[in-house]
Amino acid sequence: MPRNTSRSLLPYLQQANIQYTILISDLQKAIENQTASRSHRNRRSLSEYNYEVYHSLEEIQDWMHHLNETHSDLVHMFSVGKSYEGRPLFVLKLGKRSRPYKKAVWMDCGIHAREWIGPAFCQWFVKEALQTYQTDPAMRKMLTQLYFYVMPVFNVDGYHFSWTHDRFWRKTRSKNTRFRCHGVDANRNWKVKWCDEGASFHPCDDTYCGPFPESEPEVKAVAHFLRKHRKQIKAYLSFHAYAQMLLYPYSYKYATIPNFSCVELAAYNAVNALQSAYGVRYRYGPASSTLYVSSGSSMDWAYKNGIPYAFAFELRDTGHFGFLLPEMLIKPTCTETMLAVKNITLHLLKKCH
């Protein structure tokens, strides 16, 4: 798109008497600011890793390897499988090896490639866990009593593509033989009311559900891991952007979940904790009525497979910057989200009736 396209449209909008608001005056420049070559960064110096900038897939995976080597008492890195393009699907297992069996929390970020604040938060969470483990009693309790499985980038191929080719890419990168369109929406590809309302059968659509459930190797690998550990995993947390919401099941229908009161209480307390940082108010509730109806989502699938607390966060903002959330907002977004996640986690450790 030519850089001045939005400006050249203004006379037409004015002539037609159409109301408009300019949110980003130069979209191309905003994209270039985020994807420009970061030659000033020292990639190798991971001790000085900057958590207030967005990182490429290579940088994130280097960072994971580094933590695995330097924090072996609390971190164990492993892969749950390979992506369509053959990239490893890395997960960090975080927690004190205090006893053979512990309950666990699963966290994934970056199911949708363009939502860069997600992977930034997953890294922030790990940093906070490791840095405050000795000094914060709540964090110590969390890492002693639970394991956290943290997947900073779920959709590795799509995320890489959003850095190298298309900043607004959403889907995976699998090829479709009949159509020239690439990719499947990894959050419509799960085996729960697959390809019903809120998903598309057309391969060129952003919400394409895929040729069959778990057609995407990334979804299949994570589903397999979660199925295998379903007795251990008590919470599933997925981080998306944008809308400033905390969502719980169901996505695919208007109905109340059996353990509604416990989940609702956890959500209520979490958004209050989040608001205490900067006054940012998140809406919360069932995904279908709070956001929109969508089928084949990871959150619904996790809940249907016996994980009692399943949440999807829609992080900042509400649309001004949208997917292009500036780097200066990474720290406040992650700081407030951290409070919500800790709140949910500590809720898990109490009995809810």
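Taking an unreviewed UniProt entry as the reference, the protein chain is identified by name as Carboxypeptidase A6 belonging to Calidris pygmaea.

Student: Mind laying out the packing of helix H3 (residues 57-70) against helix H4 (residues 117-132), listing which residues take part and the relevant values?
Tutor: Where H3 contacts H4, the two axes come as close as 12 Å, and the packing angle between them is 20°. When the interaxial angle is binned, H3 and H4 end up roughly parallel. Judged by the twist between their axes, the crossing of H3 over H4 is left-handed. Here Ile60, Trp63 and Leu67 of H3 lie close against H4, whose contacting residues are Pro119, Gln123, Val126 and Leu130.

Student: Mind laying out the packing of aromatic side chains, listing which residues take part and the relevant values?
Tutor: Aromatic rings in a pair are described by how distant their centres are and how their planes are angled relative to each other. Across all of its chains, the model carries 25 aromatic pairs by this definition. Centroid distance phenylalanine 239 to phenylalanine 313: 4.9 Å. Interplanar angle 15°. Geometry classified as stacked. In this pair, phenylalanine 239 is assigned in strand E5 (residues 233-241) and phenylalanine 313 in strand E8 (residues 309-315), connecting sequence segments 74 residues apart. Between the aromatic rings of tyrosine 242 and phenylalanine 323, the centroid separation amounts to 5.0 Å while the plane-to-plane angle is 75°, which identifies the pairing as edge-to-face. With a gap of 81 residues between them, tyrosine 242 in the loop between E5 and strand E6 (245-248) and phenylalanine 323 in the loop between E8 and helix H11 (330-348) connect regions that are remote in the sequence. The side chain of arginine 140 reaches across the aromatic face of tyrosine 133, ending 4.6 Å from its centre. A cation over a ring is seen here: lysine 253 above tyrosine 250, with NZ or CZ 4.6 Å from the ring centre.

Student: Can you explain the environment of proline 211? Please cite residues and give values.
Tutor: Along the chain, the position of proline 211 falls in the loop between helix H6 (156-164) and helix H7 (217-228). A residue is classified by how much of its surface remains accessible, and proline 211, at 53% relative accessible area, is exposed. Sequence-wise, proline 211 and valine 184 are 27 residues apart; in three dimensions their C-alpha atoms are separated by 8.8 Å. Residues contacting proline 211, with those up to four places away along its chain left out, are Val184 and Trp194.

Student: Which residues make up the UniProt feature "active site" (unreviewed entry) in the protein chain, and what values do they have?
Tutor: Cross-referencing UniProt, the feature "active site" (unreviewed entry) maps to Glu314 in the present numbering. Along the chain, glutamate 314 falls in strand E8. Excluding residues within four positions of it along the chain, glutamate 314 makes contact with His240, Ala241, Tyr242, Ala243, Gln244, Met245, Leu247, Tyr282 and Leu291.

Student: For the pattern of salt bridges, give the residues involved together with the corresponding values.
Tutor: If you walk through the whole model with that rule in mind, you get nine salt bridges. Note that lysine 127 and glutamate 128 form a salt bridge whose closest N and O atoms lie 2.8 Å from each other. Owing to a relative accessible area of 10%, lysine 127 belongs among the buried residues under this scheme. Residues arginine 170 and aspartate 185 are paired through a salt bridge, measuring 2.6 Å at the closest nitrogen-oxygen approach. Of this pair, arginine 170 sits in the loop between H6 and H7 while aspartate 185 sits in the loop between H6 and H7, and the two are 15 residues apart along the sequence. Summarising the burial analysis for this pair, arginine 170 and aspartate 185 share the class buried.

Criteria and cut-off values
- Residues numbered from 1 in each chain as written.
- Predicted model: local features only at pLDDT ≥ 70, side-chain atom pairs only at ≥ 80, totals over all residues.
- Heavy atoms only, no water.
- Axes fitted to C-alpha atoms, helices over the stretch in contact; angles between N-to-C directions.
- Helix = DSSP H or I, 4+ residues; strand = E, 2+ residues; numbered from the N terminus.
- Parallel < 35°, antiparallel > 145°, perpendicular 65-115°, else oblique.
- Left-handed = near helix turned anticlockwise from the far one by under 90°.
- Contact = heavy atoms within 4.5 Å.
- Phe/Tyr/Trp six-rings, centres within 6.5 Å; stacked < 30°, edge-to-face > 60°.
- Lys NZ or Arg CZ within 6 Å of the ring centre and 35° of its normal.
- Buried < 20%, exposed > 50% of the residue type's maximum accessible area, 1.4 Å probe, protein only.
- UniProt positions renumbered as here; feature names shortened; annotations may be inferred.
- Salt bridge = Lys/Arg side-chain N within 4 Å of Asp/Glu carboxyl O.

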